[in-house]
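Each chain is listed here by its residues.
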Amino acid sequence: NNKTKVTSSPNQSKPNPKKENKSKLTLITGSCVLKGINPSRLKNNIRVKHFHKATIRALTEKLKNMNLSVYDTVITHVGDFDIVDGADINMFENDYKYLLSVVSAKCKVVVSGLLPRGGTNVKPFNIKLKILCDKMKVTFIDNHDSFIMASGDLPKNIFHADKVNLKHDGTVTLIRDINNHVQILPMYDNE
């Protein structure tokens, strides 16, 4: 009965569960609509990075140059400036498809849909985006109805006078919409 006793020397590396498992960080990234999100109010594994007037292509380039391996999930919120800059719906779809392929190669991706904007009809772009997300098996968060009244008007408590930028209540609404799909708020905020 020869049993070998295995001992661990100080120089021997012990398995580190934190290193073995992919980090559970979540990145929320995209246009400056996200600028009002205060990461300190979110779960401690959430990171927020917004880019001024980000287009889909610009965000794709930023993400290509980032180390996405530290993230379990990347939530994108981008596309409104593409529409304002005159992108047609096919170019919008192609650019977003490339963005999703870049991110999904490294981690799970979730798309936060476009918010209504004064003077711009984003609904066809959101429909196209939802179809694309379904095809690519990516979660799509449809924010539209949370940001518009039954009359079709934009709520004054959510949007600034420019009908584009969010007031505090708008940012809270966006956070809640995202949290309904990906847990970004501490548990006590869900009650």
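One structure accompanies this document, and this report is about it. This one's a predicted model, so the numbers in the text were calculated from it and none came from an experiment. (Residues numbered from 1 in each chain as written. Predicted model: local features only at pLDDT ≥ 70, side-chain atom pairs only at ≥ 80, totals over all residues. Heavy atoms only, no water.)

## Re the overall build of the protein
Inference 1: Regarding its fold elements, the protein presents 6 helices and 5 strands.
Inference 2: Counting helices and strands in the order they occur from the N terminus, the protein gives α-β-β-α-β-α-α-β-α-β-α.
Inference 3: Buried residues in the protein amount to 43% of all 191 residues.
Inference 4: Sequence-distant contacts, at least 24 apart, represent 64% of the contacts inside the protein between residues at least 6 apart.
Inference 5: Accessible surface, the protein as shown: approximately 11,300 Å² in total, 49% of it carbon and sulfur. (Helix = DSSP H or I, 4+ residues; strand = E, 2+ residues; numbered from the N terminus. Buried < 20%, exposed > 50% of the residue type's maximum accessible area, 1.4 Å probe, protein only. Contact = heavy atoms within 4.5 Å. Areas by Shrake-Rupley, 256 points an atom, 1.4 Å probe, with all protein chains shown as cover.)

## Topic: the layout of surface pockets
Inference 1: Volume-wise, the largest pocket comes out at about 330 Å³.
Inference 2: Lining the largest pocket are 14 residues, with Arg 41, His 168, Val 172, Ile 175 and Leu 185 positioned closest to its centre.
Inference 3: Looking at side-chain class alone, the lining of the largest pocket contains 6 nonpolar, 4 polar and 4 charged residues. (1 Å grid on protein atoms, 1.4 Å probe; cavity = no way out; pocket = protein on both sides within 12 Å on 5 of 7 lines; lining within 4 Å. Points joined across faces, edges and corners; volume = space filled by probe spheres on them. Nonpolar A, V, L, I, M, F, W, Y, C, P; charged D, E, K, R; others polar.)

## A closer look at the environment of Thr 60
Inference 1: Among the structural elements, Thr 60 can be located in helix H2 (residues 56-64).
Inference 2: Residues Thr 60 and Leu 99, spaced 39 residues apart in sequence, show a C-alpha to C-alpha distance of 5.2 Å.
Inference 3: Among residues more than four places away in sequence, those in contact with Thr 60 are Asp 95, Tyr 98, Leu 99 and Val 102.
Inference 4: A distance of 2.8 Å separates a polar side-chain atom of Thr 60 from the backbone oxygen of Ile 56. (Polar contact = N/O pair within 3.5 Å; in protein donor to acceptor, adjacent residues only side chain to side chain.)

## Topic: the nonpolar core
Inference 1: Counting 28 residues, the largest nonpolar core has Phe 92, Tyr 96, Leu 99, Leu 100, Val 103 and Val 111 as its most contacted members.
Inference 2: Of all elements in the fold, only strand S1 (25-31), H2, strand S3 (71-77), helix H4 (89-104), strand S4 (108-112) and helix H5 (123-135) reach the threshold of two or more residues within this core.
Inference 3: The dominant element in this core, judged by the number of residues it contributes, is H4, at 5 residues.
Inference 4: Here Leu 99 is in contact with Ile 56, Leu 59, Thr 60, Leu 63, Thr 76 and Val 78, once residues within four sequence places are set aside.
Inference 5: In terms of nonpolar packing, the next biggest core, distinct from the first, is built from 21 residues, Ile 28, Leu 42, Ile 158 and Leu 166 among them. (Core = buried A, V, L, I, M, F, W, Y, C linked by side-chain atoms within 4.5 Å.)

## Points about the sheet that holds strand S5 (residues 139-141)
Inference 1: Pairing in this open sheet of 5 strands is parallel, and the strands run S2-S1-S3-S4-S5 from one edge to the other. Across the chains shown, the open sheet's two edge strands, defined by having one partner strand only, are strand S2 (46-51) and S5. Neighbour-to-neighbour, the strand axes of the sheet open up by a mean angle of 20°, direction not taken into account.
Inference 2: Where S1 meets S3, 6 bridges bridge the pair, whose relative direction is parallel. Among the inter-strand pairings, Gly 30 is bridged to a residue of S3, identified as His 77.
Inference 3: Across the sheet, H4 touches S3 and S4, and the angle it forms with S4 is around 145°.
Inference 4: Of the strands in this sheet, S4 and S5 touch H5, which is tilted by about 160° from S5. (Pairing = 2+ DSSP bridges. Axes fitted to C-alpha atoms, helices over the stretch in contact; angles between N-to-C directions.)

## Details of the pairing of S3
Inference 1: Across the 7 residues of S3, 6 count as buried, placing the element largely inside the fold.
Inference 2: The pairing of S3 with S4 spans 4 bridges and is parallel. Counterpart to Ile 75 in the pairing with S4 is Val 110.

## Regarding the pattern of salt bridges
Inference 1: On inspection of all chains with the given rule, the structure shows 6 salt bridges.
Inference 2: Put simply, Asp 95 and Arg 57 hold a salt bridge, and the shortest N to O gap is 3.0 Å. Highlighted residues: Asp 95 in helix H4 and Arg 57 in helix H2, separated in sequence by 38 residues.
Inference 3: For Lys 123, the salt bridge is made with Asp 145, and the minimal N-O distance between the two is 3.9 Å. Pair noted here: Lys 123 is in helix H5 and Asp 145 is in the loop between S5 and helix H6 (168-179), with a separation of 22 residues, a long-range link.
Inference 4: The exposure class assigned to Asp 145 is exposed, which follows from its relative accessible area of 57%. (Salt bridge = Lys/Arg side-chain N within 4 Å of Asp/Glu carboxyl O.)

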